[in-house]
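# Architecture at a glance
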Amino acid sequence: MEHSNIDLSHLAKRLNGNFKRLDLSQRLELIGGLANHAVFTTSLGLEDQVLTWAIAMSKQPIEVATLQTGRLFPESLSLLSDTKDRYQIDIKEYYPEPEALKDYVATHGQDGFYDSVEARKACCNVRKLKPLAAALRYADVWVTGLRREQSLDRSSIEFVEWDDDRGLLKVNPLADWTEVQIKEAVAANQIPINPLHERGFPSIGCAPCTRAIRPGESERAGRWWWEQQDTRECGLHVGGDGGERGESSERGESGEAVSSLHEAVQPEGEIHSHA
Ligand code: SF4
């Protein structure tokens with residue numbers, strides 16, 4: 001039977017209902033059973049460290065990947081290495097294309113992102129969005145550490161969403177977790193975290209684009225602080241933000257990656273796991 005993206009959008013809605021009733025390990029089990037190729041992209045933040053730990057413990061077939069932008073804090077690079085050692089897992093690193101990077105620097109300068117929103121988005125495109133597209137090239141499920149509490153923009157995220165631009169299911173298993181729960185999980189399981197958190201950096205991205213927050217500021221106030229509030233996303237988790245996505249065409253239209261999810265959508269509405 002032919003299935004469309006509408007079927008997969010319905011699948012996302014049904015999974016979303018299921019997720020509400022499951023704990024984190026059950027959520028990961030469901031993802032591991034359903035996906036043909038699930039990829040979790042970590043930026044090494046608190047939530048992502050909790051998810052990396054949970055995936056490592058669960059042994060579910062979920063690939064862990066990170067975007068090596070070339071502008072990360074030394075503390076983040078050190079945490080990446082410590083995390084691999086601690087859990088004995090492969091965290092696949094995706095780098096910017098050298099030619100695209102050369103073009104960016106030639107046009108805007110190494111730190112041209114401070115000059116305009118366009119120049120900043122162009123940098124995020126080269127250093128983050130294109131490597132993300134490569135990381136998700138064969139994925140049918142993209143796992144993230146997004147939480148509703150993190151910002152106003154993220155307050156309405158679902159556990160499972162159909163990402164039409166990328167042609168995959170986007171799964172946020174920690175969507176309903178509070179900051180307190182995250183910190184409790186870190187403490188209880190001695191999960192390695194970035195020492196910058198203790199120095200006022202709740203959300204950590206590239207070094208030149210992240211500052212410590214002041215008392216009373218939101219978690220993400222230190223990201224691209226020189227810009228107006230409404231432009232402060234890099235495009236990884238928002239749609240239609242100025243044509244800097246670039247990844248959809250590289251990944252291909254729908255593609256083979258989603259075929260397994262198509263198979264999971266049964267006419268009578270049941271969800272079938274591959275497990
Ligand atoms: S966060 Fe800053 S340095 Fe990193 S990719 Fe975006 S603009 Fe470039």
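Residues numbered from 1 in each chain as written. Predicted model: local features only at pLDDT ≥ 70, side-chain atom pairs only at ≥ 80, totals over all residues.

## Focus: the overall build of the chain
Scanning the chain from terminus to terminus reveals nine helices and six strands. Evaluated residue by residue, the chain yields a buried proportion of 39% over its 275 residues. Contacts in the chain between residues far apart in sequence, at least 24 positions, make up 74% of those at least 6 positions apart. (Helix = DSSP H or I, 4+ residues; strand = E, 2+ residues; numbered from the N terminus. Buried ≥ 20, exposed ≤ 12 C-beta atoms within 10 Å, placed from the backbone. Contact = placed C-beta atoms within 7 Å.)

## A word on the packing of helix H5 (residues 98-108) against helix H6 (residues 117-135)
One can describe the packing of H5 onto H6 by two numbers: an axis separation of 10 Å at closest approach and a directional angle of 170 degrees. With respect to their mutual orientation, H5 and H6 come out roughly antiparallel. The handedness of the crossing between H5 and H6 is left-handed. Residue-level contacts link Ala100, Leu101, Tyr104 and His108 of H5 to Ala119, Ala122, Cys123, Val126 and Lys130 of H6. Looking at the contact of H5 with H6, its residues break down into seven nonpolar, one polar and one charged. (Axes fitted to C-alpha atoms, helices over the stretch in contact; angles between N-to-C directions. Parallel < 35°, antiparallel > 145°, perpendicular 65-115°, else oblique. Left-handed = near helix turned anticlockwise from the far one by under 90°. Nonpolar A, V, L, I, M, F, W, Y, C, P; charged D, E, K, R; others polar.)

## Brief notes about the site of the ligand
Around the ligand, a shell composed of 13 residues is seen, among which Cys123, Cys124, Arg127, Cys206 and Cys209 lie nearest. Grouping the constituent residues of the shell around the ligand by class yields seven nonpolar, two polar and four charged. (Near = placed C-beta within 6 Å.)

## Re the pairing of strand E1 (residues 38-42)
For E1, the buried fraction is high: five of the five residues fall into the buried class. On E1, burial covers both faces: Ala38, Phe40 and Thr42 on one face and Val39 and Thr41 on the other are all buried. Relative to strand E2 (residues 62-67), E1 runs parallel, the two sharing five bridges. When the sheet's bridge partners are listed, Phe40 is paired in E2 with Val64. Pairing of E1 with strand E4 (residues 141-143) involves three bridges; the strand directions are parallel. Looking at the pairing, Phe40 lines up with Val143 of E4. (Pairing = 2+ DSSP bridges.)

## Overview of the confidence of the model for the chain
Averaged over every residue, the pLDDT of the chain is 86; the share at 70 or more is 83%. Contacts from residues 239-257, a stretch scored under 50 in pLDDT, to residues over four places away or in other chains number 37 contacts. Note that residues 266-270 has pLDDT below 50 and, in this model, two contacts with residues that lie over four places away or in other chains. (pLDDT = per-residue confidence, 0-100.)

## Focus on the sheet that holds E2
Read across the open sheet, the six strands follow the order E3-E2-E1-E4-E6-E5; overall the sheet is mixed. At either end of the open sheet lies a strand with only one pairing partner, and these are strand E3 (91-94) and strand E5 (160-163). Direction aside, the axes of adjacent strands within the sheet are offset by 30 degrees on average. Examined bridge by bridge, E2 and E3 share four bridges and lie parallel to one another. From the neighbouring strand, Leu67 faces E3, where its bridge partner is Tyr94.

## Some thoughts on the packing of helix H3 (residues 46-58) against helix H7 (residues 179-189)
The interhelical angle for the contact between H3 and H7, taken along N-to-C directions, is 50 degrees, at an axis separation of 10 Å. For the element pair H3 / H7, the angle class is oblique. Two packed elements cross with a definite hand, and for H3 against H7 that hand is left-handed. Contacts between H3 and H7 involve Leu46, Glu47, Gln49, Val50 and Trp53 from the first element and Ile182, Ala185, Val186 and Asn189 from the second. Split by residue class, the contact of H3 with H7 holds six nonpolar, two polar and one charged.

## Overview of unusual backbone geometry
Of note, Lys59 is a non-glycine position whose phi angle comes to about 60 degrees, a positive value. With respect to the secondary-structure elements, Lys59 resides in the loop between H3 and E2. By the C-beta count within 10 Å, which is 10 here, Lys59 ends up exposed. Look at Trp224: it is not a glycine, yet its phi comes out positive at around 45 degrees. Residue position: Trp224 is located in the loop between H7 and helix H8 (247-251). We classify Trp224 as buried; it has 24 C-beta atoms within 10 Å.

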